[in-house]
Amino acid sequence: MNIQRIRGVLLVVSSIVVLVAGQFGAVAAAAATHKNLSKPVVSGNGMKISPLTTDITIAPGHSGTVPVTITNVTRQTEFLQPIENDFIAGNETGRPALVLGSNSYAPTHSLKRFMVPLSSITVSPGQSRVVNVAIHVPKTAQAGGYFGALRFAPTTANGVTGTGVGIGESVASLILLTVPGPTVQKLVLTNFEVQQNGGTASSFRTPKDLALFMRFQNEGNLQEAPFGQIYVEKGKQVLYQYNFNQNQPQEFILPDSARRWTIPLKNLGKFGEYTIGATLTYGTNGQSIDVTKTVWIIPTVIIAAVVGGIILLALIIGGMWVFMKSYKRKILRSSRRRY
């Protein structure tokens, strides 16, 4: 085995080590129209409210009515005072926060200012009453979204109002008004991450408990409900598809707020490179958001094998280097003896 041949072997081994290390490093992101969108909900005091959410569109200078049904499922007559409130985004999970107080309003997008005050009602046991929420939109109202809620407070037969019932959004009827005109619809996807038990990474040891974390920021002046499809691919094969926010009522994002979703991912194998993608749509003009992220599933045993292989190659290279050095010395000694 001559020196040139040994050098060639060393070059090939070095290339393999660089390739393996590189791959390992890479493995190791004008009229009113409305729709009632929800089922009845029973409050803690036995009153059933329907619908949970209503979308309504009213042009400036026009009026509209939202019917809300309250049902008494108790065995006694209930004296109730309908109360109108604004609501804002309470947190990024989609739980609204009511703006309580008779003289309190949301700082922006206040629907309460357009709502006509309501009179108290009486609901007999097992009976229902329809409360018509009248909304008058001024001619000067700016285009955009306005948000309010109707809840009920118990009163006495003499009209003395007690503690409000239906403070949570689960027992209040939410009303989302759209005033048509030149609006801004801008939804920004700020986070698109694959997580495992709350931790974000680009490679994982196991596909167990993987989830897609998405966060949107609404920078427009209308409520937005993004929807579409989440998918998992390996190569060109689609392994999993998930219909995102396509059920009614859709989950929405209020203006000047953010909302997050965590979606479980399924059908990923124990090893390989996977593409997580989303094709989403929002807004009246069908604005689209397309995004993908690549992740690796690499079991610990494979990582150990690769690391062991790299160490083994390093030992082989080191041994060959020592051998080369020793061999070269022998050749030099042999040459000196001849001369």
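Residues numbered from 1 in each chain as written. Predicted model: local features only at pLDDT ≥ 70, side-chain atom pairs only at ≥ 80, totals over all residues. Heavy atoms only, no water.

**Re the side chain of Asn85**
Argument step 1. Within the secondary structure, Asn85 sits in strand β6 (residues 78-89).
Argument step 2. Given a relative accessible area of 1%, Asn85 falls into the buried group.
Argument step 3. Reaching out from Asn85, the side chain makes a polar contact with the side chain of Arg151 at a distance of 2.7 Å.
Argument step 4. If sequence neighbours within four positions are ignored, Asn85 has contacts with Val99, Leu100, Gly101, Lys112, Gly148, Ala149 and Arg151. (Helix = DSSP H or I, 4+ residues; strand = E, 2+ residues; numbered from the N terminus. Buried < 20%, exposed > 50% of the residue type's maximum accessible area, 1.4 Å probe, protein only. Polar contact = N/O pair within 3.5 Å; in protein donor to acceptor, adjacent residues only side chain to side chain. Contact = heavy atoms within 4.5 Å.)

**Looking at a nonpolar patch on the surface**
Argument step 1. A cluster of nonpolar side chains, namely Val307, Ile311, Leu312, Leu315 and Ile316, defines an oily patch on the protein surface of about 440 Å² accessible area.
Argument step 2. Its location among the elements puts Ile316 in helix α2 (residues 300-338).
Argument step 3. The exposure class assigned to Ile316 is partly exposed, which follows from its relative accessible area of 37%. (Patch = residues over 30% accessible without salt bridge, like charges linked within 9 Å, V, L, I, M, F, W, Y side chains within 5 Å. Areas by Shrake-Rupley, 256 points an atom, 1.4 Å probe, with all protein chains shown as cover. Salt bridge = Lys/Arg side-chain N within 4 Å of Asp/Glu carboxyl O.)

**A few points about the side chain of Asn72**
Argument step 1. Considering the arrangement of structural elements, one finds Asn72 in strand β5 (residues 63-72).
Argument step 2. Side-chain polar atoms of Asn72 contact the backbone oxygen of Gln76, separated by 2.7 Å.
Argument step 3. One polar contact links the side chain of Asn72 to the main-chain carbonyl oxygen of Val123, over a distance of 3.0 Å.
Argument step 4. With sequence-adjacent residues up to four places away left out, Asn72 is seen in contact with Gly46, Met47, Thr77, Glu78, Val123, Ser124, Pro125, Gly126 and Gln127.

**Quick look at the pattern of salt bridges**
Argument step 1. The tally for this structure, following the rule as stated, stands at 4 salt bridges.
Argument step 2. The structure contains a network of salt bridges with shared partners spanning Glu92, Arg215 and Arg260.

**A closer look at the pairing of strand β15 (residues 210-218)**
Argument step 1. Counting buried positions along β15 yields 9 of 9 residues, so the element is predominantly enclosed.
Argument step 2. Here β15 shows a buried face lined by Leu210, Leu212, Met214, Phe216 and Asn218 and a second buried face lined by Ala211, Phe213, Arg215 and Gln217.
Argument step 3. Both strand β12 (residues 187-196) and β15 contribute to a ladder of 9 bridges, which runs antiparallel. Looking at β15, one finds that Gln196 is bridged to Leu210.
Argument step 4. Inspection of the sheet shows β15 paired to strand β18 (residues 257-264) by 8 bridges, in the antiparallel sense. Counterpart to Leu212 in the pairing with β18 is Ile263. (Pairing = 2+ DSSP bridges.)

**Some thoughts on the sheet that holds strand β13 (residues 199-200)**
Argument step 1. On the basis of which strands lie adjacent, the open sheet formed by 4 strands has the order β13-β12-β15-β18 and antiparallel pairing. Two strands bound the open sheet, and with one partner strand each, they are β13 and β18.

**Details of the environment of Gln76**
Argument step 1. The topology assignment puts Gln76 in the loop between β5 and β6.
Argument step 2. Along the chain, Gln76 and Val123 lie 47 residues apart, while their C-alpha atoms are 8.9 Å from each other.

**Comments concerning the sheet that holds strand β14 (residues 203-204)**
Argument step 1. In space, the 5 strands of this open sheet follow the order β14-β20-β19-β16-β17, with mixed pairing throughout. Each end of this open sheet is capped by a strand with a single partner; those strands are β14 and β17 (237-244).
Argument step 2. Relative to strand β19 (residues 272-282), strand β16 (residues 227-234) runs antiparallel, the two sharing 7 bridges. Bridging from a neighbouring strand, Gly228 pairs with Leu280 of β19.

**Some thoughts on the confidence of the model for the chain**
Low pLDDT marks regions whose predicted coordinates should not be analysed in detail.
Argument step 1. Considering every residue of the chain, the mean pLDDT works out to 83; 78% of them sit at 70 or more.
Argument step 2. For the stretch residues 1-31, pLDDT sits under 50, and the model shows 37 contacts to residues farther than four places along the chain or on other chains.
Argument step 3. A low-confidence stretch, residues 163-170 (pLDDT under 50), is modelled with 25 contacts involving residues beyond four sequence positions or located in other chains. (pLDDT = per-residue confidence, 0-100.)

**As for the packing of aromatic side chains**
Argument step 1. Considering all chains together, one arrives at 6 aromatic pairs under this definition.
Argument step 2. With a centroid separation of 6.5 Å and an interplanar angle of 15 degrees, the aromatic rings of Phe216 and Phe244 are classed as stacked. In this pair, Phe216 is assigned in strand β15 and Phe244 in strand β17, connecting sequence segments 28 residues apart. Considered together, Phe216 and Phe244 belong to a single accessibility category, that of buried residues.
Argument step 3. Taken together, Phe216, Phe244 and Trp261 form an aromatic cluster joined through their ring pairs. (Phe/Tyr/Trp six-rings, centres within 6.5 Å; stacked < 30°, edge-to-face > 60°.)

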